[in-house]
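# Inside the fold
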Amino acid sequence: MEQWDEAQKLLQGNIAGRVEGIQSYLNLAQVYMNRGLIDEAQDVLESFLDYVYDNATIHESLAHNYLWKGEFSLASVEAEHAFRIEPLHHRNFLLKGDIRNYLGDLNGTEREYQNLLNTSEPTAHNQGLHRLINLYLFQGRFREAFEQARHGIELADLLGEKSWLIDYNLTLASIYFDLDQPDEVLKVCRQAWEAAEKEGSLEGKRKILLFQGLAYLSMGKINQAETTAAELKTICDKYLNKNICRYHSFLKGKIEHNKQNHPEAVRFLKEALASIPSPYFGRYFWALLLHSLGQVYFDSGDLQNAKIQYDVLTAFPQGRVHWGNLYVRGFYMLAKIYDENNIRPMAVRNYQRFLELWKNADSNIQKVAESEERLSELQMPLSTLIRE
C-alpha cells in the first residue's frame, strides 16, 4: 500500500513495547530504506544487535545498508559476521557477490553468483539467476543474459512458480526492448500474460501492458500504444494505492515523447518519478524513468536538464547491481551531451568509461562501435582536425 507513515508508527510501537521478534526490526528498517532514510534504518538494525541478540539476517541487512551508503569495507565486515553465524546459508554467496561487484571484481562476482546455482535451495537458484542476468547486462553481455533468463523460465516451469515465470518473461521483454526487437517483446509478453492470468496477478499484468505499449511505440503503432495505455490505466485504477498509476504515467510519457510533445512527456515522467520515494524502492523502474526523462530533454535540445538526469543515474554505484545496462548507458549519454556542448575532455572521459564497462560486450552492439569511432576522433590532435 506504500503507507509508510502508518507502517512506521505501528512498527515503532512494537519495538517500543519490547516486542523482541526480529520481523518488526527488519520491517521497520525496510520502511526507512524505502523512504531513503538509510541512517535511520541502520540505527534500527543496530539496536536489535545491542538489545536483543546477535543474528545473521540482521548483519546481512546491515551489509546491504552499508552498500547503499557506499561504505564497502563496513559492508564486508557485516558480511563476515553473517558468515560466522550461519556459514552455510546461501545469502553469503549473494552478499559477497554484490560486494565484489561494487569493488569492480567482476570475475569474482560471477563466481559467487554461480555458487548460488550449486545449492539445493530453489530460492537461491532464483536469486542467482537474477543477479547473473543483471551482471551480464551491466557488461553488455546480452547473449548470456538471455541464456540465464531462459534457465529461469525452465526453473519456474519445473517448480510451477507462476510469479517467477512472469518475472523471467518480463526480463526477456526488457532485454528485447533494449535491443530494439519489439516483435520479440510482444511474443514474450503474450507468454507472460498466460502465466499472469493463471496466477491472477494484476501486478504482472500491469508490467506486461507497460512493455507491450513500449513495443508498439518502437514499431510506430501509436494507436495500439494508446489503447494499451488505456488498458493499463483500468488495471491501475483497481488499486487503492494510487501510486501504482506511475506505470500508466510512464507509458503516457513515452507516448508523448514519441509524438514529440516534449512538455507533456516531461510532465508525465516527472509525475511517475514523484511517486517513487527513493532509488532503493524504485531500483530498475526508477532508473528507467530517469533515463527516459533524460532522453526527452536530450531530444528536445535541453542538454542541461538531460545532463542532470544522467548525472543522478550514474552517481549511484548501486546501478552496477540493480539497473546494470541503464547505469552504463548513462555514461554513454553523458558523453554525447558533453560532445554536443563541445566539452572534449569530459566527452572523452565518459566515452572511455562507457567503453571500459562494456569492453566484454557482445560484438554487434552499435553504441560500442559508434563510441570507439567518436572517441578516436576526439583524441586526435586539434591541428590534425583543422588540416582535414
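The paragraphs below set out a description of the structure included in this document. (Residues numbered from 1 in each chain as written. Predicted model: local features only at pLDDT ≥ 70, side-chain atom pairs only at ≥ 80, totals over all residues. Heavy atoms only, no water.)

## What about unusual backbone geometry?
- At aspartate 180, a residue that is not glycine, the phi angle is positive and equals roughly 60°.
- For aspartate 180, the position within the fold is in the loop between α10 (162–178) and α11 (182–199).
- The phi torsion at arginine 283 lies on the positive side, around 45°, for a residue other than glycine.
- Within the secondary structure, arginine 283 is located in helix α16 (residues 279–299).
- For arginine 283, a relative accessible area of 26% translates into the label partly exposed. (Helix = DSSP H or I, 4+ residues; strand = E, 2+ residues; numbered from the N terminus. Buried < 20%, exposed > 50% of the residue type's maximum accessible area, 1.4 Å probe, protein only.)

## Comments concerning the pattern of salt bridges
- Counted according to the given criterion, the structure contains 25 salt bridges.
- Residues glutamate 184 and lysine 187 are paired through a salt bridge, measuring 3.5 Å at the closest nitrogen-oxygen approach. Of this pair, glutamate 184 and lysine 187 are both found in helix α11, 3 residues apart, which corresponds to roughly one turn of the helix.
- Note on glutamate 184: relative accessible area 23%, which makes it partly exposed.
- Overall, lysine 187 belongs to the partly exposed group, its relative accessible area being 39%.
- Its salt-bridge partner being glutamate 356, residue lysine 359 comes within 3.1 Å of it at the nearest N-O pair.
- You can call glutamate 356 partly exposed: its relative accessible area is 43%.
- Each member of the salt-bridge network shares a partner with another, and the members are Glu226, Lys252, Glu256 and Lys259. (Salt bridge = Lys/Arg side-chain N within 4 Å of Asp/Glu carboxyl O.)

## Notes on the packing of helix α4 (residues 56–69) against helix α5 (residues 72–85)
- Here α4 crosses α5 at 165°, and the two axes come no closer than 8 Å. As far as their axial angle goes, α5 and α4 are roughly antiparallel. As for the relative orientation of α4 and α5, their crossing is left-handed in sense. Contact with α4, carried on its side by Ala56, His59, Glu60, Leu62, Ala63, Tyr66 and Leu67, involves Phe72, Leu74, Ala75, Glu78, Ala79, His81, Ala82, Arg84 and Ile85 of α5 and no other residues of that element.
- Across the contact of α4 with α5, the residue classes break down as 11 nonpolar, 2 polar and 3 charged. (Axes fitted to C-alpha atoms, helices over the stretch in contact; angles between N-to-C directions. Parallel < 35°, antiparallel > 145°, perpendicular 65-115°, else oblique. Left-handed = near helix turned anticlockwise from the far one by under 90°. Contact = heavy atoms within 4.5 Å. Nonpolar A, V, L, I, M, F, W, Y, C, P; charged D, E, K, R; others polar.)

## Remarks on the packing of aromatic side chains
- Under the defined criterion, the tally for this structure stands at 17 aromatic pairs.
- Aromatic side chains phenylalanine 48 and tyrosine 53 sit 5.0 Å apart centroid to centroid with 65° between the ring planes, which places their arrangement in the edge-to-face category.
- Residue classification places tyrosine 53 among the partly exposed positions, given a relative accessible area of 40%.
- Judged by centre distance (5.3 Å) and plane angle (45°), the ring pair of phenylalanine 354 and tryptophan 358 falls under tilted.
- An aromatic cluster is present here, built from Trp68, Tyr280, Trp286, Phe316 and Trp323 joined pairwise through their rings.
- Positioned above the aromatic ring of tyrosine 280, the side-chain terminus of arginine 283 is 4.3 Å from the ring centre. (Phe/Tyr/Trp six-rings, centres within 6.5 Å; stacked < 30°, edge-to-face > 60°. Lys NZ or Arg CZ within 6 Å of the ring centre and 35° of its normal.)

## Quick notes on the side chain of asparagine 169
- Tracing the backbone shows asparagine 169 in helix α10.
- Residue classification places asparagine 169 among the buried residues on the basis of a relative accessible area of 3%.

## Quick word on the packing of helix α9 (residues 142–159) against α10
- Packing of α9 against α10 leaves a shortest axis separation of 8 Å and a crossing angle of 160°. With respect to α10, the axis of α9 lies roughly antiparallel. As for how α9 packs across α10, the hand of that crossing is left-handed. Contacts from Phe142, Ala145, Phe146, Ala149, Arg150, Gly152, Ile153, Leu155, Ala156, Asp157 and Leu159 in α9 reach Trp164, Leu165, Tyr168, Asn169, Leu172, Ile175 and Tyr176 in α10.

## Concerning helix α21 (residues 366–378)
- Helix length check: α21, at 13 residues, gives a terminal C-alpha distance of 18 Å against a target of 18 Å (1.5 Å per residue), a fit within 8%.
- Looking only at α21, the buried set comprises Val368, Ser371, Leu375 and Leu378. Down the axis of α21, the smallest arc covering the buried residues is 95°, so these residues share one side. Set apart from the buried face of α21 by more than 90 degrees, the exposed residues are Gln366 and Glu373.
- The inward-facing, buried residues of α21 abut α19 (324–340) and α20 (344–357). (Expected span 1.5 Å × (residues − 1). Arc of directions from axis to C-beta.)

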